Structures are given as structure tokens and as C-alpha cells.
Amino acid sequence: MLCLSTGLLLIFSILVLANSPPKKPLFSSSFAIPGNATYDYVVVGGGTAGLAIASRLAETASVAVIEAGGLYEVENGNQSVVPWYALTMGVLSVSESYPRQPLVDWDLVSVPQTKAGNRCIHYARGKTLGGCSAINTMGYHRPTVGTFQRWADLVGDQSYTWPNVLKYFKKSVQLTPPNLQKRNVKNATVLYDPTVFDNSLGGPVQVSWGNWVDITATWLALAMQSIGLPLSPLSFSSGVLSGYSGWVTSEIDPDDATRSSSTAYLRQAIERGSNLNVYTHTQATRILFNEETPKKATGVSVSTQGFKYTISATKEVIISAGVFHSPQLLMVSGLGPPSLLSSHNIPIISPLPGVGQNLQDQIFFDVLSGLSTPSTGSIVSDPSQSSRILSQYLSDASGPYSSAGGYIAFEKIPPSSRTNFTSRTTSLLSSLPADSPEIEYIVLAFPNTPGTNDNATTVGAVSATIQSPFSRGSVTISSSEMSDPPVIDMAWLSDPADGELLIAAFKRCRQALSAPSIQGIKTGPEISPGEHVQSDADILAWLRENVVPVWHPSSTCKMGSEGDSMAVVDNRGRVRGVRGLRVCDLSVVPEALPGHPSASVYMLAEKIGDDVKNGR
């Protein structure tokens, strides 16, 4: 009888196990131990593009990811997890005396910007899994149809047109409709086109609208609408930007209102049992090549806290180290401007004059005014509100902590505001795609500082960002070592066309702040720059001292057609003059993309990942 019972129990156990869902792999199983190893692919950089392309390649091959940082959830705490902190993170300071956070930031400082107040700018870049998607303000939208047609024409490949890239945008994200109950305030209407998303594809990055709306931002939204920028009927992911305003979607998981970064790709890959192996706190020091002609990339020399070893690639090495470090790694490895490499005694593998050149950096400024409405910041900083808003966030994924998204708008400067443009500037602007905006506006609100305007509760900001700067900067090297930071010169306002355009945008910001719809909440005179700044010369002088980065640099390893001598990679991201080496990040886009680039970086990683998997 006992034997029978034991037998039945054994059979029952086998049936239960057979019908139980398989256990998910351990998260820790995809983190490698330092030491020599070989994989099909090696991806340098576990940032926005790096984790996306690595996870796709790991569906069918073995992949190593070399990441100089660690887990931002551990090393930057709530600063990189709770949406509100994305707007207040100290590491985003541009001052030379910025508060350091070396666990997640590269501590990069530019050379003096000779046309922008001779200022040296701290330029925050994510040194962590997730890269800049772990420290940005989480805005998500897509460029315009015309932008992609221009990209396709510049690189001689029509697969970059809007109809052809849309599938990659769809594949990378899942959209959650706005939660109207949690967004229950006036003037917070969201309109959007659901057909440009496809949740059935299982995209890893979560996209939605914030579960909280700043009251002051709703008033400033009315101001933007009053100067001729109506609410977009499509939102900003359908290929139409210019001439509209709207509430921006954010890369936030609506279930718990936490940041959704490129680490969503990593977690999805681990759950699916992909052959992905991540080396954290490990810096690539050099790309290795064989002696064939042309040379083939065979791996990467790396260093983990001083321990040096080699990660080899049987198929390809893919550099996704970002706009500043991707060109640096190419140069110290022997691919770049020959004279520069020779000056540092670096053997030349492939003479590529365009490496590190063509840097395009979108810059912005704020016009500030005192307002009587409350702001998210004033609520968060009020001790009497702390318990209530913390409970809102933790129990309901709502309230002030749950959102970083705001109201944005795009336009070509209207004809009545273009009177200061020279014929050269007019000609340059006319060369841009017809649907490409020249300026992005963002409205923000901050708690008033005592002494600034004693009658104001809030400081309202209308900012303007140039979308297609004509100034061109560069990234070079000071030595043959990756341990020395790259030499970064954004060359802000070195082209006078940028100054003329920003002067016009400055006046548009003032028009918005003078809109009748918000006069009932304005208190006192303009806070910054102040009403004494009136002439074009005064405005430009103020701009030179106050423009700052919006952290969207691009194009330092630009993609181009065969006849483009400054192109670093071809239409599939393959580095010129060698085999088995690609670059996949924002450094390869031929020109700056309008708006916030993370959506396009995910798209690019999906697209180039497809090329690699299909042998293209």
C-alpha cells in the first residue's frame, strides 16, 4: 500500500512538473565574470543603442556587452528610477563645478566655447547600463517623414524612409493610453494616433503619458496654443511635428510609474533565456584586428578595475559607446584622421578623416516669468505634503513623483518673425526638409526662490531649442588611451545662422509669455533675462552667456554614401576600410534629428540589428 501511494505521488509530481510553466532564468545568469572569453558578437557600450542591438542579436547568437558602469537602480538610486527626479538630478548641471556622480556619469567637460561666453560645459553622459536612457528626462517621440527621406537620400538607401523605419519604431515599444482618471485636470487633453504603435510585437520599452500634470504647465500650454501652435491631433509619433504642440509621451512604465530605459531590453532578453553576457564596470580600451587585408575586427581589449583581458568576437564587433566615446575608441584603435593618429603614435588601421568631426549639438535657453499658480516642484518641496504624495506614488503610481513629461511644441519660425535673417541664413534654412521644425519649445515650472519675485509662487519657463544647428564641433583625443577623456568642442554659435535663428525664437518665447490667456496668473516683470534686454545685439549677447545643452549631440561617426569622404560608416553602420566592425548609436546619424532622439536610437538599433542577423 505504501509503495502504491509512493508511486502515485511520483506520477502526480511528474504531471505537475510537466504542466508547470518553465522557470525564468536568473537575472544574475547574464552577468559575466572578468576574464578572456569568446562570443559571436561583442557590443561595446550597454546604453540606449547597445542593449537594444545586443538583445536582438542574442536571440540567435552569443553576445557580450562591455559596459563601463553598473546598474543605475543601485548606483544612482531613486534619481534614475522615480520620474520626478529626472528634472532635478544634480549630475545634469552644466557648470564646471557640477556635483559629481562618477558611478553613472563620465565627468566630461568641454573645451571653452569661444562663441558662447568662453564657458567650459560639463556634459552629462550615462556611464551605466541604460546609458543616457537612464539619466535623460524620458521624453519619447519620433522625427518627421521628411527627416527620414533626407536621411535616406544622404546615405543612398531608401530603407531609411518613414514607411520603412516605422516597423522598427513599433517593434521597440509598447504604448499605454493616458490614464484620464489620474490626469484629471483642465487643459490636459491628449490626442494621438494609435495606428503607429503595435503592442502585439512585444516591444520592451514602455511609453505612456504621465500620471500627473503640472498645473502651471496647463496654463503655459494655453500660451503656446495662443501663438499659433494648436494641439496636435496625432501627438508626435506619426511623423508630423512642425506647427503643433502637445503633451509629450514619456518612457515610463505606467504600472508603477518608474523609468523605462534600454535595460528593458536586457531584462526581456534574460527572461527569454537569450545568450547575453554583460561585463559591468569594464572599459573597452582598444579594438583588435587581424593581419588580413582589409583587416577584420577580432575582439576588444578591456579593463575591469585594472584587470586587463580580451573579449573576442568570431563574427563582429559593434561599437555603441555614444557620440563622444565611439569616435574616441575608433581613433585610439587606429581609425580616424591620419595626422591626428600619427601625432599620438597610433598605428593607422584605416584613414578616416570624418571620425570625430561633424558634431552637431542642439542648444536651448529659458525665458522666465513669475506666476501665481502652483508647480510640481513647490508641492514636492512642501514638508506638509510629503506623506500624502509619497503614498500616492507608492500605492497608486500617481501624484507629483510619477511624471516628468510636459508640454512641447515645434515650428518653423513664422514669416513675421524672420525679419532678422540674412540671405545666407534664409538659404540654409530653406535647405532643410519642408516638414522639419527649426525650433522646439518646452514649457516648465519651478518653485520660486525667495527674493526673485516675492509675489510669485512659481517661476514659469518657456524654452527654445534649435533643431538643426549649422555650427559644427568636433571630438578628438589627447592621447592614445581611453582612460583619458575625449576632447570635446561643441563649437556653439560658431555659425551666425544659429544666433539669428535663436534670436527669433527668443522673441517667440516672449510672445508666448505675453499671451492674454496667462496674464491673470503673471506676477511682476520678466525674471530672466529681464526687460532691459531688447535689441537683437543684446539678445545675442545674453544668449552667448546662457545657452546650454539639451543633451542631444549627434553625428560624430556619420553615415554616408560611397562618395562622401567624411562618412565613417556606410548605410548599414559598417566602418569604412575594415571588416567585422560597425557603429550603432546616435553618432552615425548624418544630421541632427528634430526633437528628442531616444525613439530614433531604438529604431536604429532594431534596424541595424536586423541587418546583422540577416547577413547584410
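Residues numbered from 1 in each chain as written. Predicted model: local features only at pLDDT ≥ 70, side-chain atom pairs only at ≥ 80, totals over all residues. Heavy atoms only, no water.

Notes on the overall build of the protein
Check the secondary structure of the protein and you find 15 helices and 24 strands. If one aligns the C-alpha atoms of the protein with their principal axes, the spans along those axes are about 85 × 75 × 45 Å. Of the contacts formed within the protein by residues at least 6 apart in sequence, a portion of 74% connects residues at least 24 apart. Looking at the protein as shown, the accessible area adds up to about 23,300 Å², and 55% of this sits on carbon and sulfur atoms. The distance from the centre of the 43 positive side-chain charges to the centre of the 49 negative ones in the protein is 5 Å. (Helix = DSSP H or I, 4+ residues; strand = E, 2+ residues; numbered from the N terminus. Contact = heavy atoms within 4.5 Å. Areas by Shrake-Rupley, 256 points an atom, 1.4 Å probe, with all protein chains shown as cover. Lys, Arg positive; Asp, Glu negative; His and termini not counted. Charge placed at Lys NZ, Arg CZ, Asp CG, Glu CD.)

Side note on the side chain of Ser403
Here Ser403 shows up in the loop between α11 (386-396) and β17 (407-411). Classification of Ser403 as buried rests on a relative accessible area of 6%. At 3.4 Å, the side chain of Ser403 forms a polar contact with the backbone oxygen of Trp212. Within the structure, Ser403 has its side chain in polar contact with the backbone nitrogen of Gly405 (distance 3.4 Å). When near neighbours in sequence (up to four residues on either side) are disregarded, Ser403 contacts Pro83, Trp84, Gly210, Asn211, Trp212 and Ile252. (Buried < 20%, exposed > 50% of the residue type's maximum accessible area, 1.4 Å probe, protein only. Polar contact = N/O pair within 3.5 Å; in protein donor to acceptor, adjacent residues only side chain to side chain.)

Let's talk about the pattern of salt bridges
For the structure on display, the rule yields 20 salt bridges. In this structure, Lys613 and Glu59 form a salt bridge, with 2.7 Å as the shortest nitrogen-oxygen distance. With Lys613 in helix α15 (residues 598-613) and Glu59 in the loop between α2 (48-57) and β2 (63-66), this pair connects stretches of sequence that are 554 residues apart. Given the relative accessible area of 37%, Glu59 is considered partly exposed. Residue Glu606 pairs with Lys171 through a salt bridge whose shortest N-O separation is 3.7 Å. Within this pair, whereas Glu606 is found in helix α15, its partner Lys171 is found in helix α5 (residues 162-172), the two being separated by 435 residues in sequence. (Salt bridge = Lys/Arg side-chain N within 4 Å of Asp/Glu carboxyl O.)

Things to note about the pairing of strand β18 (residues 439-447)
Strand direction decides the pairing type here: β17 and β18, joined by five bridges, are antiparallel. Paired with Tyr407 across the strands is Val443, a residue of β18. Pairing of β18 with strand β19 (residues 458-466) involves nine bridges; the strand directions are antiparallel. Bridged to Pro447 within β19 is Thr458. (Pairing = 2+ DSSP bridges.)

Thoughts on the packing of aromatic side chains
Counted under the stated rule, the structure contains 19 aromatic pairs. Seen from their ring centres, Phe365 and Trp542 are 6.1 Å apart, and the 85 degrees between their planes marks the pair as edge-to-face. Of this pair, Phe365 sits in strand β16 (residues 363-371) while Trp542 sits in helix α14 (residues 536-546), and the two are 177 residues apart along the sequence. By relative accessible area, Phe365 is classed as buried at 1%. Residue class for Trp542 comes out buried when judged on its relative accessible area of 14%. Cluster of aromatic residues (ring-pair linked, three or more members): Phe148, Trp151, Tyr160, Trp162 and Phe169. Note that Lys127 overlies the ring of Trp106, its terminal NZ or CZ placed 5.6 Å from the centroid. Above the ring of Phe197, the side-chain terminus of Arg142 is found at 4.5 Å from the ring centroid. (Phe/Tyr/Trp six-rings, centres within 6.5 Å; stacked < 30°, edge-to-face > 60°. Lys NZ or Arg CZ within 6 Å of the ring centre and 35° of its normal.)

Describing the pairing of β19
Judged by how many residues are buried, β19 sits mostly within the fold: nine of nine residues are covered. Burial along β19 is two-sided: Thr458, Gly460, Val462, Ala464 and Ile466 and Val459, Ala461, Ser463 and Thr465, pointing in opposite directions, are all buried. Inspection of the sheet shows β16 paired to β19 by eight bridges, in the antiparallel sense. Looking at β19, one finds that Phe365 is bridged to Ala464.

Observations concerning the nonpolar core
Counting 147 residues, the largest nonpolar core has Trp151, Met224, Ile311, Leu330, Phe365, Tyr441 and Leu581 as the members making the most contacts within it. The dominant element in this core, judged by the number of residues it contributes, is helix α13 (residues 496-513), at 10 residues. Every residue in contact with Trp151, bar those within four places of it in the chain, is listed here: Tyr160, Met559, Val589, Pro590, Leu593, Met603 and Leu604. Residues Val82, Ala257, Ile389 and Ala397 belong to the second largest nonpolar core, which totals 10 residues. (Core = buried A, V, L, I, M, F, W, Y, C linked by side-chain atoms within 4.5 Å.)

Regarding the packing of α2 against α15
One way to put it is that α2 packs onto α15 with a least axis distance of 8 Å and a crossing angle of 35 degrees. The element α2 and its partner α15 pack so that their crossing is right-handed. Residues Thr48, Ala49, Ala52, Ile53, Arg56 and Leu57 of α2 form the contact with α15, whose own contacting residues are Val601, Tyr602, Ala605, Glu606, Ile608, Gly609, Val612 and Lys613. (Axes fitted to C-alpha atoms, helices over the stretch in contact; angles between N-to-C directions. Left-handed = near helix turned anticlockwise from the far one by under 90°.)

As for the environment of Ile53
Tracing the backbone shows Ile53 in helix α2. Considered as a pair, Ile53 and Tyr602 are 549 residues apart in the sequence and their alpha carbons are 8.4 Å apart.

Quick notes on the confidence of the model for the protein
Mean pLDDT over the protein: 95, with 96% of residues reaching 70 or higher. Helix α8 (residues 322-332) holds the highest mean pLDDT among the elements of the protein, 99, whereas helix α1 (residues 2-19) holds the lowest, 47. Across residues 12-17 the pLDDT falls below 50, and counting only partners more than four positions away or on other chains, this stretch makes zero contacts in the model. (pLDDT = per-residue confidence, 0-100.)

Brief notes about unusual backbone geometry
Omega for the peptide link from Thr293 to Pro294 comes to -10 degrees, which places this bond in the cis form. Its place among the elements puts Pro294 in the loop between β11 (282-289) and β12 (297-304). The linkage connecting Ser528 with the following residue, Pro529, adopts the cis geometry, with an omega of 5 degrees. Within the secondary structure layout, Pro529 lies in the loop between β22 (522-528) and α14. Residue Asn345 is not a glycine yet carries a positive backbone phi of 55 degrees. Phi is positive for Ala491, which is not a glycine, with a value near 55 degrees. Following the sequence through the fold, Ala491 ends up in the loop between β21 (487-489) and α13.

Here's the deal with the environment of Pro102
Here Pro102 shows up in the loop between α3 (72-75) and β3 (139-140). It is 9.4 Å that separates the C-alpha atoms of Pro102 and Glu75, two residues lying 27 residues apart in sequence. Ignoring sequence-local partners within four residues, the contact set of Pro102 consists of Asp107 and Lys127.

Examining the packing of α5 against α15
Orientation of α5 relative to α15, taken along the N-to-C sense of each, is 110 degrees, at an axis distance of 8 Å. Comparing the axis directions of α5 and α15 gives the class roughly perpendicular. Contact residues: α5 offers Val165, Tyr168, Phe169, Lys171 and Ser172, while α15 offers Ala599, Ser600, Tyr602, Met603, Glu606, Lys607 and Asp610. Considering only residue class, the contact of α5 with α15 consists of six nonpolar, two polar and four charged. (Parallel < 35°, antiparallel > 145°, perpendicular 65-115°, else oblique. Nonpolar A, V, L, I, M, F, W, Y, C, P; charged D, E, K, R; others polar.)

Details of α15
Between its first and last C-alpha atoms α15 spans 22 Å; for 16 residues at 1.5 Å apiece the expected length is 22 Å, and the two agree. Of all 16 residues making up α15, 14 are buried, and the element is well covered by its neighbours. Once α15 finishes, Gly615 follows within two positions and takes phi at roughly 70 degrees, a positive value. (Expected span 1.5 Å × (residues − 1).)

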